[in-house]
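Examination of the molecular architecture
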Amino acid sequence: MLVHATGGPEVLTPSTIDAPVPGPGELLVSVAAAGVNYIDTYQRRGLYPRDLPFVPGAEGAGTVVAVGADVTGHAVGDHVAWADAPGSYARQVVVPARKAFAVPDGVEDDTAAAAMLQGLTAHYLVTSTYAVKPGDTVLVHAAAGGMGLLLTQLVKARGGRVIGTVSTPEKEALAREAGADEVIRYTETDFVPAVRDLTGGVGVAVVYDGVGRTTFDGSLACLARRGVLALYGASSGPVPPVDPQRLNAAGSVFLTRPTLAHHIATPEEFRWRCDELFQAIGAGRVSVRIGGRYPLADAATAHADLEARRTTGKLLLIP
């Protein structure tokens, strides 16, 4: 799928290009499934600029079909997954060997593809951005989305209490199934007073906010003293510039805008996070919900559904 000009989902165009060739330190992978993420929509719209034309997508799983020079630890026929290989909306993609994780036995390729970017993001958020401790109360926005479901499960595994926000009764049921202790339907209730009520006026230790513009002010108002607002996405649009004095007024709180690349920058950290994530999946402690599978040629429909909030869980493209 090529993007020749930025814009709406309709700019995603099925195209035929020359087959890629792996260079030194690279793998050529036949893609079994590619993950659809909000960052793909940001790049398609030009919010995160890329040189045109480009093939979107950075996440997926599949089978190694060729190995470049100087590669160790991977071989033709291996099943691998990745979260940072640009051009993944394709039948084949070149993946840096150091960014490929060997899919454990018993984990299907579609599950691995669905778990990588959001699973590793959820992992760094609950272990590094704010290390959730037993007894912490946490606010998770969009708790029935792919990220929200994974965050809820990982917070619960660390002994935290989850307050989730959702838009519909169906999404509330999914959030509760994932372990959310309290769920607020923001379409019916202002989440700020609801959170204050549910915490006895104290507020939450951390807000995991991937929504951005429409939730930012409320998220800040939900924090306990010295709480953390982890703004990891902007599905509703980017947050306008913030006066740092607002952090003081909110209770000496902390604001951070983290990204996955800085949390898997070394092979050791990448493998640690992947190992912990897939061990939890293999043991059944974390369930990965796949909310939709679309043919690769229907990537525009997947983007439109994601941006219209018609989906739950993770969306995949199948070449």
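This write-up is about the structure you can find in this document. Because the structure is predicted, anything quoted here is derived from the model rather than measured. (Residues numbered from 1 in each chain as written. Predicted model: local features only at pLDDT ≥ 70, side-chain atom pairs only at ≥ 80, totals over all residues. Heavy atoms only, no water.)

1. A closer look at helix H2 (residues 109-129)
Under the 1.5 Å per step criterion, the end-to-end length of H2 is 28 Å for 21 residues, consistent within 8% with the ideal 30 Å. Within H2, the axis deviates most sharply at methionine 116, by approximately 45 degrees. Of all 21 residues in H2, 18 are buried; the element is thus mostly enclosed. (Helix = DSSP H or I, 4+ residues; strand = E, 2+ residues; numbered from the N terminus. Expected span 1.5 Å × (residues − 1). Bend = angle between axes of the 7 residues up to and from the residue. Buried < 20%, exposed > 50% of the residue type's maximum accessible area, 1.4 Å probe, protein only.)

2. Description of the side chain of histidine 123
Mapped onto the elements, histidine 123 comes out in helix H2. According to the relative accessible area criterion, histidine 123 is buried, its value standing at 5%. When residues no more than four places from it in sequence are discounted, the contact partners of histidine 123 are Ser128, Leu154, Trp272, Arg273 and Glu276. (Contact = heavy atoms within 4.5 Å.)

3. Focus on the packing of helix H1 (residues 38-45) against helix H9 (residues 299-307)
Contact pair H1 / H9: the axes reach a minimum separation of 10 Å and the direction vectors enclose 105 degrees. On the basis of the axis angle, H1 is roughly perpendicular to H9. Contacts between H1 and H9 involve Tyr38, Asp40, Thr41, Arg44 and Arg45 on the former and, on the latter, His303, Leu306 and Glu307. Split by residue class, the contact of H1 with H9 holds two nonpolar, two polar and four charged. (Axes fitted to C-alpha atoms, helices over the stretch in contact; angles between N-to-C directions. Parallel < 35°, antiparallel > 145°, perpendicular 65-115°, else oblique. Nonpolar A, V, L, I, M, F, W, Y, C, P; charged D, E, K, R; others polar.)

4. Quick notes on the packing of aromatic side chains
Following the criterion strictly, the structure yields three aromatic pairs and no others. Centre to centre, the rings of tyrosine 42 and tyrosine 48 are 5.2 Å apart; their planes meet at 65 degrees, and the pair counts as edge-to-face. What makes tyrosine 42 buried here is its relative accessible area of 4%. Looking at tyrosine 48, the relative accessible area reads 30%, which means it is partly exposed. For the pair phenylalanine 101 and phenylalanine 278, a centre-to-centre distance of 5.3 Å together with 25 degrees between the ring planes defines the contact as stacked. One end of the pair, phenylalanine 101, is in strand S7 (residues 100-102); the other, phenylalanine 278, is in helix H8 (residues 267-282), and 177 residues separate them in sequence. Taken together through their ring pairs, the aromatic side chains of Tyr38, Tyr42 and Tyr48 make up a single cluster. (Phe/Tyr/Trp six-rings, centres within 6.5 Å; stacked < 30°, edge-to-face > 60°.)

5. Re the pattern of salt bridges
Evaluated as defined, the whole model comprises 14 salt bridges. Its salt-bridge partner being lysine 133, residue aspartate 136 comes within 3.4 Å of it at the nearest N-O pair. For aspartate 136, a relative accessible area of 10% translates into the label buried. Under the relative-accessibility criterion, lysine 133 is labelled partly exposed at 42%. When the shortest N-O distance is used, the salt bridge between arginine 273 and glutamate 269 registers 2.6 Å. Taken together, the positions of arginine 273 and glutamate 269, both in helix H8 and four residues apart, correspond to about one turn of that helix. We classify arginine 273 as buried; its relative accessible area is 0%. Look at the salt bridges and you will find they share partners, linking Glu172, Arg176, Arg185 and Glu188 into a network. (Salt bridge = Lys/Arg side-chain N within 4 Å of Asp/Glu carboxyl O.)

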